[in-house]
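# Understanding the architecture of this molecule
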Amino acid sequence: MTETLTWTQARRIALRAQGMGSVRRDEMPDGTASRRALARTLERTHLLQIDSVSVFARAHHLPVYTRTGIWDPAALDRASRPGRGRLVHETLAHEAAFATSEVHDLLGFRRRAAAREGWSAVKEAAESSPELIGRILEVLAERGPASAAEVSRHLGDTERGEGWGWRRTESQWTVEYLFRAGALECVGRSAQFERLYIPSAPTAEVLDRAAATVAAADGTTARKQEEIRGLTSRAARALGIADPASLADYFRLRRAEVRPAIEDMLAEGELEEVEMTHPAGTRRLLRHRDAPRPAPLRTAALVSPFDPIAFHRPRLRQLFDVDYRIGIYTPAERRTTGYYSLLFLLGDVFPARVDLRADRRRGVLEVRGAYREELPHLPRRRRPEDGPVAAALAEELERAARWQGLQGVEVATGAGTGALSAALAEARRAAA
């Protein structure tokens, strides 16, 4: 008989599977404790999606803060360097991401596919400069870590082509290709947030391996299936409870790719089908056998739109009743909830979102907008009132400011700043 869960139970399982519910730090810990916080987060999420926007904090720094509180992001920089202490590799997992070594290895099929595809820009470069790949590898072996732009300048390659968009030189396109194909690895980012590369092996070995990968293109199906099974298993454990589309999205796989893995996991008992009651109708979901109990959560935390809790927007709507659309790509006059709003989690509900900006010159965290979520399906008795939401949010913003080394919080009020801004400003005054 299929087990039935309430909507609230499903939300709590999903949040606890992601590591939510633990006590969060209020003060900056040392490097060892920050590394432990990073490792604990990765045990749950397996990845940290990378984003360059730093209006408040980098997206890949936020998930550790969301789960564990204040930590030092320098621990992530150290954990991404080659050596015995390495915890993560930059790779293409859910978009560009820092992923655990296990996940990086399981994404081998993606790198093998990139090596076989041979992008048109790289093919043209190979025809016009057949020695280009070898020269790039030699430059990086001698001068790395270096960015694609630095390699291009060193080779005297300055022609960027015509048109708009990704206007890169031949050598820059080739560096990107070599990274996606696994011939280069990223070992950090520059001050301009450019990837810094080194060869993943000695030049001759990389070239031999690339040739072998292309030659063996037809013999990789079984290996790819094993890798997808491993990724699907990790996605299911990380999500706790999910539908097939969410399992596929976690590592940007296709539904057809994960279907055989899901069938195997159901047959072996790693997954089980459950029903979730919902005001819009019962939903069938898949629960992992290691999914946590749906215990209530006493937590208040800011959540990035690129956090695994939120990055699959259909799941965010299904489980949390939140319709999120980032404002970065919307003209200012058409934005309704700011430029880069973070969700605010209170218990197992997202009652609000805030548009933040760290003014580091003045040492102030600016709250440019505080908005209530509509939560159209959530019963009124489950929706916290403005006062408790504002009080909890004010406390969380104080923690966020301390994390970013800021001395104060300023809340904008008035037209366009959201229905919660006045209550938040009042909560700040009361706390002071």
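Bear in mind the structure is a predicted one, so any value in this text is a computation, not a measurement.

## Quick look at the environment of Trp173
With respect to the helices, strands and loops of the structure, Trp173 is situated in helix α10 (residues 170-180). Residue Trp173 is classed as partly exposed on the basis of its relative accessible area of 22%. Placed 136 residues apart in sequence, Trp173 and Ala37 show a C-alpha to C-alpha distance of 36 Å.

## Looking at the sheet that holds strand β2 (residues 47-49)
Pairing is antiparallel across the open sheet formed by 3 strands, whose spatial order is β2-β4-β3. One side of each edge strand has no neighbouring strand; the edge strands of this open sheet are β2 and β3 (88-93). Within this sheet the neighbouring strands show an average axis-to-axis angle of 30°, counted without direction. Taken together, the 6 bridges between β3 and strand β4 (residues 95-100) define a ladder with antiparallel strand orientation. Note on β4: the bridge partner recorded for Thr91 is Ala97. On top of the sheet, helix α2 (residues 31-45) reaches β2, β3 and β4; it is set at about 95° to β2, its chief contact.

## As for the sheet that holds strand β14 (residues 408-411)
Ordered in space as β10-β11-β12-β13-β14, the 5 strands form an open sheet in which the pairing is mixed. Looking along the sheet, the strands with just one partner apiece sit at the ends: β10 (300-303) and β14. Between one strand and the next, the sheet's axes are offset by a mean angle of 35°, whatever the strand orientation. Sheet analysis places strand β11 (residues 341-346) next to strand β12 (residues 349-359), joined by 5 bridges and oriented antiparallel. The partner of Leu342 across the bridge, within β12, is Val354. Where helix α17 (residues 421-431) meets the sheet, its contacts fall on β13 (364-372) and β14, and the angle it forms with β14 comes to roughly 145°.

Conventions and cut-offs
Residues numbered from 1 in each chain as written. Predicted model: local features only at pLDDT ≥ 70, side-chain atom pairs only at ≥ 80, totals over all residues. Heavy atoms only, no water. Helix = DSSP H or I, 4+ residues; strand = E, 2+ residues; numbered from the N terminus. Buried < 20%, exposed > 50% of the residue type's maximum accessible area, 1.4 Å probe, protein only. Pairing = 2+ DSSP bridges. Axes fitted to C-alpha atoms, helices over the stretch in contact; angles between N-to-C directions. Contact = heavy atoms within 4.5 Å.

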